[in-house]
Structure formats: structure tokens, C-alpha cells
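# Examining the three-dimensional arrangement
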Amino acid sequence: MLFACKATLISPVSFEEFSVRKDHCIVVRDGIIETVAAKLPEEYKDIPVRDYGDALLIPAFSDLHIHAPQYVQRGVGMDKLLFDWLNDYTFPQEAGFRDITYARAVYPQLIRDMLKHGTFHAAFFTTIHYDACDLFYRMLGESGMYAYTGKINMDSNSPDYYVEDPEESIAETERFLAEHDGLYGEHVRSILIPRFAPTCSEKLLKGLGELAGKYDVGVHTHVVESKAEAAWSRELFPQYASDSDIYEQCGLLQGKGPKIFAHVIFPTKDDERVLKKYNCVSVHCPISTNNITAGIMAVKKMQNEGFRIALGSDVGGGHRFGIYDVMANAVQSSKLRAFYLDDDSRLSLANTFYLATAAGGNVFAENIGKLEKGYRFNALVLDGLQDEGHELTPVETLERFCYCGDDRNITARYLDGKEIDPEEIYTRLKRL
Ligand code: GUN
Ligand code: FE
């Protein structure tokens, strides 16, 4: 399929810089951007053109850390700290996914809402239950999203209604990897998901490490998430040099897939060694780490030192799906960090836009996250953000979207070059 879209394009160039192109045309062939030009080149004069007038066109967002089963608890229990929130709300709720009918009800709503809010690429936590994880995997495949997902592992320090035997957990994970390998090509891929060090035994982690090598998959977990978590992890694994070292030594970082570490708020020198060595993605989830009072990641410092960073909603620790909400909160949180530490932590909108699009998208494919030739046309049209009698610049309009907008301002969504309707996808997922 060959067509063009006309709008004002905003695309990331680098951590520091946007490109803004007013009234430009994007030519899309079979889902890939073929040309970006101020005027439609003569050779395309007969192709259909969708003219979005003054609206903005931006790359779709990537969410590198979200808990699919926590959809139903977003905005609930937000006065708790991490461990109380896990024990009082999260574990009892997630345990319900042993019942596949619960998963069948919840997961289509989650996927619909992510698409509505413009997130087309995401790394998902799930639960320990094979059948619910399998159903979710197939729903993601059907939705057309780009995703990393799998089955969670937890065999320690967990309530007896939501805990696994390590051998069974490893065997079920291997079965999951074997049965899902290649089902949806580049769109949905498996990843190992040990919940975090405190809920995993060494035996479990070493078993998963073997699977990382055998199936060449990556890992997604929480690392130095809060001071309490970091201290507990050190106490439980004193023979390891750091939280990250546990994953390295147990073999979990040997696969080709991405290494996605949520939060990374209190990295030690040894954590930093591992992050660099394996090009791990540290995921900044400021809405969540404010809610659970874990702290604020040193994003600017880490970015300047060459660490790889992306953004995450961490729903339900976070209460907003929109990665645009996370961008606004990342700016706000960085200003608080700068205020209290009297340093240069402050992030700009351009910084957070880069993390939300190019940096996050790159984890899924090299050509995701920008509006440039050769990139996949995964894009959002933003409209309805201007006031009468006062004109905002394109970048101001994007900023207003992040602070004041919502899914109603996303007036068209293109995934692999096709316009999608989240409600229609929801109806299809309900039938799976
Ligand atoms: N650490 C372990 N489990 C969780 C979880 O579900 N959410 C967050 N934010 N942190 C965790
Ligand atoms: Fe999390």
C-alpha cells in the first residue's frame, strides 16, 4: 500500500534535539517511510494523500516497563509504599489470573487502552500463570503491537497463594519459550521475567540463566528499585557484588535479547559495570517511583555517561498509561531532583521525547521511533490542542499534549502503516 500523510512533523534527532517540519509530506509504502519532503515529489502525484492540516504527526510511544495484570488496580492503593503495596494490593490481585476467564476479561481492555494512548511498543510483566500468559501473548500477536513478554517467576518471599516451586517454574518457563518461539515474528517476542531478586531463589535464577543461553532470550526485571529493595537484595545475596551482578553471575544476561532493568535508582559502581557491559536498558518510571516513593532516577547523569535509558509507565505502580504523561512527570520529577540536590538533573521536553520515542523504539527494532526514511510508520496524529486567539508553536503544542492532553487528542493512529481502531481491536481480542 502506498499513500502519503501531510501534517507538521515532530521527530527526535538526539537526546537534545527535535526536528520540526511544518506542512511536510510523509510517503509510506508497505508500512515503511519512503520519503519525507516539504512538497509531494512529482512521482507520487497520483497517490492518496491524507491531509491533517495543522495537526502534529509524531512517532508512536514505547513503554519499556508495564505490568499487564495491574491494569485493574491502577490508581488504587497509591498511599502505600512498595512492600505494603505489593502485599496488600498487588499479590492478591495478580493471583486472580490463575483463572483464565479473569485474564480474558482484563487483557483486552489493557491492550485497547495502550493503543488508545499511543503506545504501540511495550515490555510487559505478566503473572506466574502459564495459561493467562499464553492468552496474553496471543492477544498481543493479534493486536499488531510490538512487545516483549513471557511468564513471571517468583519462588521466595511471596505469599503462599502466589508462589512457585523453582523446578516447576523453570520447566514451565522452558515450555513457554519453546511453544511461543517465532509465533509472531518480530512483533511479539519472549523474554525472561524474574520478578525481582527478593522473590527469586538462587536456584531459580540459575535455572533461568541456562534458559537465557539455550533460547537466546533477554531478561526484564526490577533492579535497585528503592533503598529498601536494594538493601534486602544485598542481605539475601551477600555473595554477589550488586543487584545486577546476581543476573550476570546466574547467566541471565548471556542471551541476545534485550536486558531491561526497571528503575535503577540507586546503582552502585558494580551495577554500572554490568549496565555498560550488556548495554542494559534502564527504565525510568517517574510516576510510579513517586507513587511508591522509591526515588528519582539520575536520568541526565546516566544519559551523559553513556547508559541506555527509556521510559516506562509501570502501571499499576504508575497510574497513567500515556507515555506523554510520563514525559511530563519526568520533567517535573527532574526539577524536584535538581532542586533538592542542587545539581543539573533538570530534563527538557526534547530529552524526554527522545527517550519516549527513539530510545524506547530502538529496543524493538532499529527503525522504530522516528519519522525518517526507512523507519516503520508507527505514528500518531495529535489535534485539538490549540486555543482560539492564541497560537502555540508546534513544540509548545506537543508540550501542551504532554501536560494537558489525553487520548482524545490522538485523532489517528498508524501501526505498520495501517490506520488502527483500538475499539475494533478490542472486539477481536475479546473473541480469543
Ligand atoms: N517490585 C517487585 N514487584 C513489583 C511490582 O509489581 N511493581 C513495582 N513497581 N515494583 C516491583
Ligand atoms: Fe514494575
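For clarity, every value in this text was computed on a predicted model and none was experimentally measured.

With that out of the way, let us pick up a nonpolar patch on the surface. A surface patch of nonpolar side chains, amounting to about 500 Å² of accessible area, comprises Leu336, Phe339, Tyr340 and Leu341. Its location among the elements puts Leu341 in helix α11 (residues 323-341). Exposure remark for Leu341: the relative accessible area of 49% places this residue in the partly exposed category.

All right, on to the state of the cysteines then. Applying the stated criterion across every chain, the model contains 0 disulfides. Cys280 takes part in no disulfide bond, and the closest cysteine sulfur to it belongs to Cys250, at a distance of 14 Å. On the basis of relative accessible area, Cys280 is assigned to the buried category, the value being 2%. Counting only cysteine sulfurs, Cys402 is the nearest neighbor of Cys404, a cysteine outside any disulfide, at a range of 9.7 Å.

Around ligand 1, the structure places 13 residues, and the nearest of them are His67, Gln70, Arg195, Glu225 and Asp314. Between ligand 1 and Gln70 there is a distance of 2.9 Å, counted from an oxygen atom to a side-chain nitrogen or oxygen. Side-chain polar atom of Glu225 to a nitrogen atom of ligand 1: 2.4 Å apart, as the coordinates give it. The protein chains hide 100% of the 280 Å² of surface that ligand 1 would expose on its own.

Time to look at the sheet that holds strand β7 (residues 146-149). Taken in spatial order, the 4 strands line up as β5-β6-β7-β9 in an open sheet, and their pairing is parallel. Unpaired on one side and paired on the other, β5 (61-67) and β9 (188-190) mark the two borders of the sheet. Going from strand to strand, the sheet's axes swing by 15 degrees on average, the running direction of each strand aside. Of the strands in this sheet, β5 and β6 (119-125) are in contact with α11, which crosses β5 at around 90 degrees.

Surrounding the iron ion (ligand 2) are the protein donor atoms His65 (NE2), His67 (NE2), His222 (NE2) and Asp314 (OD), which sit 2.1 to 2.3 Å from the metal. Seen from the iron ion (ligand 2), its 4 donor atoms lie at angles of 86 to 177 degrees, and the figure they make is irregular. Positions of the donor residues of the iron ion (ligand 2), expressed as sequence spacing, correspond to H-x1-H-x154-H-x91-D. In terms of burial, His65 and His67 fall into one category: buried.

The sheet built from 4 strands is open, its strands ordered β11-β12-β13-β14 with parallel pairing. The sheet is open, and its two edges are formed by β11 (219-223) and β14 (308-311), each paired on a single side. Between one strand axis and the next, the sheet turns by 30 degrees as a mean value, whatever way the strands run. In terms of strand pairing, β11 meets strand β12 (residues 259-263) through 5 bridges, oriented parallel. Paired with Val219 across the two strands is Lys259, which belongs to β12.

On the surface, Asp23, Asp51, Asp54, Asp383 and Glu391 cluster together into a negatively charged patch. Relative to the elements of secondary structure, Asp51 occurs in strand β4 (residues 49-59).

Conventions adopted
Residues numbered from 1 in each chain as written. Chains lettered and ligands numbered in written order. Predicted model: local features only at pLDDT ≥ 70, side-chain atom pairs only at ≥ 80, totals over all residues. Heavy atoms only, no water. Patch = residues over 30% accessible without salt bridge, like charges linked within 9 Å, V, L, I, M, F, W, Y side chains within 5 Å. Areas by Shrake-Rupley, 256 points an atom, 1.4 Å probe, with all protein chains shown as cover. Salt bridge = Lys/Arg side-chain N within 4 Å of Asp/Glu carboxyl O. Helix = DSSP H or I, 4+ residues; strand = E, 2+ residues; numbered from the N terminus. Buried < 20%, exposed > 50% of the residue type's maximum accessible area, 1.4 Å probe, protein only. Disulfide = S-S within 2.5 Å. Near = heavy atom within 4 Å. Polar contact = N/O pair within 3.5 Å; in protein donor to acceptor, adjacent residues only side chain to side chain. Pairing = 2+ DSSP bridges. Axes fitted to C-alpha atoms, helices over the stretch in contact; angles between N-to-C directions. Contact = heavy atoms within 4.5 Å. Donors = N, O, S within 2.8 Å, 3.2 Å for Na, K, Ca; no water. Tetrahedral: all angles 85-135°; square planar, octahedral: opposite > 155°, others 65-115°. Lys, Arg positive; Asp, Glu negative; His and termini not counted. Charge placed at Lys NZ, Arg CZ, Asp CG, Glu CD.

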